[in-house]
Amino acid sequence: MEFSYETLMKLHLATVVPCIFLGLAVFCLRNGTVRHRTIGWVYSILMMVTSVITLLMPARAGSQVILHFGMLHTFSFVTIVSIPYAIYSVRTGNLRGHKITMISTYCGAIVVAGLFTLMPGRYLHGVFFGQ
C-alpha cells in the first residue's frame, strides 16, 4: 500500500502537532508524577509514529521531489534512537540522561526541524503562507 505525499503529510501533522503541546506540558509537570509519565508515554509514542511516517516521505522543495532522504530525515533517525534510550535511562535510574535526551529530542525534532519545514520553498511554508 502506497500513500500520497499529502496523506503522509496529514498523518505526520496529526501526530507531530500534539507533540508540540504535550512536550511542553511534560516539561512543566513535576517529574515522576502519574500525569508526567502518562503524557510522556503519549508524547513518546506519537514521536515514534511521526518519525516513521517522515521516513516514508521523500524530501521535497515545493512540489518537486529532491531525493528520498534529506537533512530533516536525520531528526527522524535520531528520534527513533533517542526515545527508547530516554525510556531505558529513566528505567535504570539515569534521570539526568533521561532529561537531557528528552529535552534535546524536543528541541531538535520539534523546534529546529519545525522551523526548517516552514522555510520558503518548503511544502509546509506553502500550506501555511501560500507560495
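Residues numbered from 1 in each chain as written. Predicted model: local features only at pLDDT ≥ 70, side-chain atom pairs only at ≥ 80, totals over all residues. Heavy atoms only, no water.

A. Region of interest: the overall build of the chain. Across its full length, the chain holds five helices and two strands. For the chain, the sequential pattern of α-helices and β-strands runs α-α-β-β-α-α-α. The C-alpha atoms of the chain give a radius of gyration of 16 Å, which matches the 14 Å a tight globule of 131 residues would have. Taken along the three principal axes of its C-alpha coordinates, the chain extends 45 × 25 × 25 Å. (Helix = DSSP H or I, 4+ residues; strand = E, 2+ residues; numbered from the N terminus. Rg over C-alpha atoms; globule rule 2.2 N^0.38 Å.)

B. Broad picture of the packing of helix α2 (residues 34–55) against helix α3 (residues 73–91). Axis separation between α2 and α3 bottoms out at 8 Å; the angle between their running directions is 155 degrees. Taken together, α2 and α3 sit at an angle that is classed as roughly antiparallel. When the axes of α2 and α3 are compared, the crossing they make is left-handed. On the side of α2, the interface is formed by Trp41, Tyr43, Ser44, Met47, Met48, Ser51, Val52, Thr54 and Leu55, while α3 contributes His73, Ser76, Phe77, Thr79, Ile80, Ile83, Pro84, Ile87 and Arg91. Residue composition of the contact of α2 with α3, grouped by class: 11 nonpolar, six polar and one charged. (Axes fitted to C-alpha atoms, helices over the stretch in contact; angles between N-to-C directions. Parallel < 35°, antiparallel > 145°, perpendicular 65-115°, else oblique. Left-handed = near helix turned anticlockwise from the far one by under 90°. Contact = heavy atoms within 4.5 Å. Nonpolar A, V, L, I, M, F, W, Y, C, P; charged D, E, K, R; others polar.)

C. The arrangement of the layout of surface pockets in detail. Volume-wise, the largest pocket comes out at about 750 Å³. Taken together, 35 residues line the largest pocket, and the ones lying closest to its centre are His12, Leu72, Ala113, Gly114 and Thr117. Residue assignment for the lining of the largest pocket shows that the elements contributing at least two residues are α1 (5–28), α2, β1 (59–61), α3, α4 (95–117) and α5 (123–129). In terms of residue count, the dominant contributor to the lining of the largest pocket is α4 (eight residues). Of the residues contributing to the lining of the largest pocket, the split by class is 23 nonpolar, 10 polar and two charged. Approximately 570 Å³ is the volume attributed to the second largest pocket. Lining the second largest pocket are 21 residues, with Val26, His36, Val90, His98 and Met102 sitting closest to its centre. (1 Å grid on protein atoms, 1.4 Å probe; cavity = no way out; pocket = protein on both sides within 12 Å on 5 of 7 lines; lining within 4 Å. Points joined across faces, edges and corners; volume = space filled by probe spheres on them.)

D. Geometry of the nonpolar core. Counting 14 residues, the largest nonpolar core has Cys19, Leu22, Tyr43, Met47, Ile83, Met102 and Ile110 as its most contacted members. For this core, the elements supplying multiple residues, two or more each, are α1, α2, α3 and α4. When neighbours within four sequence positions are excluded, isoleucine 83 is seen to be in contact with Tyr43, Ser44, Met47, Met48, Met102 and Thr105. Counting six residues, the second largest nonpolar core, distinct from the first, contains Tyr5, Leu8, Met9 and Met57. (Core = buried A, V, L, I, M, F, W, Y, C linked by side-chain atoms within 4.5 Å. Buried < 20%, exposed > 50% of the residue type's maximum accessible area, 1.4 Å probe, protein only.)

E. Looking closely at the side chain of threonine 117. By the element assignment, threonine 117 lies in helix α4. Beyond its immediate chain neighbours, meaning those up to four positions away, threonine 117 contacts Leu72, Arg122, Leu124 and His125.

F. Main features of the confidence of the model for the chain. In the predicted model, the chain carries a mean pLDDT of 89, and 90% of its residues have values of at least 70. Mean pLDDT values over the elements of the chain span from 57, in strand β2 (residues 64–67), up to 97, in α2. (pLDDT = per-residue confidence, 0-100.)

G. A look at the environment of valine 111. You can see valine 111 is positioned in helix α4. Through-space distance from the C-alpha of valine 111 to that of threonine 33 is 25 Å; in sequence the pair is 78 residues apart.

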